[in-house]
Amino acid sequence: MSQRDVRIAPSILAADFRKLGEELSSIEEGGADWVHVDVMDGRFVPNITIGPFIAEAVRDATSLPLDVHLMIVEPERYVDDFVRAGAHTVGIHVETCPHLHRSVAQIREAGARACVVLNPSTPASSVEHVLDDVDQVLVMTVNPGFGGQKFIEGMLPKIETLRRWIDERDLDVALEVDGGIGPETIGRAAAAGADVFVAGTAIFGAPDRKEAISALRKAAEDA
């Protein structure tokens, strides 16, 4: 991993929302690179989380870039709202975007980095045609909807395939993983080619956030 910068993006899905400002301060002071914001609508995934108003509150409480992951149907209806709320990156699921090129262009035109997201059952080939148009690809290493799930080992070949395509085309595209990322799994994801790591419970469930983030970063860099 020495040739790629490791970025750690704690997911606030695992944070204590009763003291969200303090939680955000703890990860910023602990060395996090981004804040991952999971947006769920209860339709595409079986859970409901937050909207643009909360994303804006997060934006006001931290200087870290917001990595917003839209697990919602018809994401094109809300892209502009989340960019206005402060999203630095907006991730949209391939499975919800019948006009993927158009949706990617919408994100960039709104002023954010464009990320395409793959569910575990969705093949890497579904984003091959847009790799030249995006800033990031997110491989889900659990089925989205809830935190604290077990890492799906079968996603490693998909990560390897995407890394190969990105490198072969010499693209400046970040390769992110989300789901079951912790000290025991991050090294395997890094070795497969990921360079951005979303972690929720492994960080917010730790008593020392700085120590947890440092341990994750070291495990990824050593892979």
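Scroll up for the structure.
Residues numbered from 1 in each chain as written. Predicted model: local features only at pLDDT ≥ 70, side-chain atom pairs only at ≥ 80, totals over all residues. Heavy atoms only, no water.

**Observations regarding the sheet that holds strand β7 (residues 174-178)**
Here 8 strands make up an open sheet; going across it, the order is β1-β8-β7-β6-β5-β4-β3-β2 and the pairing parallel. The two strands at the open ends of the sheet, each matched to only one other strand, are β1 (7-10) and β2 (35-40). Across the sheet, the mean angle separating the axes of adjacent strands is 25° when strand polarity is ignored. Looking at chain direction, β1 and strand β8 (residues 196-199) are connected through 4 bridges and run parallel. Its bridge partner lying in β8, A9 is registered against V198. Lying over the sheet, helix α9 (residues 209-221) contacts β1 and β8, oriented at roughly 140° with respect to β1. (Pairing = 2+ DSSP bridges. Helix = DSSP H or I, 4+ residues; strand = E, 2+ residues; numbered from the N terminus. Axes fitted to C-alpha atoms, helices over the stretch in contact; angles between N-to-C directions. Contact = heavy atoms within 4.5 Å.)

**Here we look at the pairing of strand β3 (residues 66-71)**
Of all 6 residues in β3, 6 are buried; the element is thus mostly enclosed. Of the two faces of β3, the one holding L66, V68 and L70 and the one holding D67, H69 and M71 are both buried throughout. As paired strands, β2 and β3 are joined by 6 bridges and run parallel to one another. Across the sheet, residue H36 finds its bridge partner in β3, namely D67. Tracing the backbone out of β3, into helix α3 (residues 79-85) and back to the parallel element strand β4 (residues 87-93) gives a crossover that is right-handed. (Buried < 20%, exposed > 50% of the residue type's maximum accessible area, 1.4 Å probe, protein only. Right-handed = clockwise from strand over helix to strand, strands pointing away.)

**Some thoughts on the environment of A112**
Take A112: it is sitting in the loop between α4 (100-110) and β5 (113-118). It is 29 Å that separates the C-alpha atoms of A112 and T185, two residues lying 73 residues apart in sequence. With near-sequence residues (within four places) excluded, A112 lies in contact with V83, A87, H88, V90 and I107.

**Let's talk about the pattern of salt bridges**
It is possible for side chains bearing opposite charge to pair when their charged atoms get close. Tallied over the full model, the rule gives 14 salt bridges. A salt bridge links E23 to R209, with the shortest nitrogen-to-oxygen separation between them at 2.8 Å. Pair noted here: E23 is in helix α1 (residues 20-29) and R209 is in helix α9, with a separation of 186 residues, a long-range link. The pair E23 / R209 is uniform in exposure class, with both members buried. Across the pair R108 and D135 runs a salt bridge, and its minimum N-O distance is 3.0 Å. A residue pair is termed long-range when its members are at least 10 positions apart, and R108 in helix α4 and D135 in the loop between α5 (125-128) and β6 (136-140) qualify at 27 residues. Among the residues examined, D135 registers a relative accessible area of 17% and is labelled buried. Because the salt bridges share partners, they merge into one network encompassing R7, R163, D167 and D195. (Salt bridge = Lys/Arg side-chain N within 4 Å of Asp/Glu carboxyl O.)

**With respect to the nonpolar core**
Membership of the largest hydrophobic core comes to 65 residues, with the highest contact counts inside it found for I12 and F197. Top element by residues in this core is helix α6 (residues 156-168). It accounts for 5 residues. Contact partners of F197, with chain neighbours within four places excluded, come to V6, R7, I8, A9, V177, I181, I186, A189, A190 and A220. (Core = buried A, V, L, I, M, F, W, Y, C linked by side-chain atoms within 4.5 Å.)

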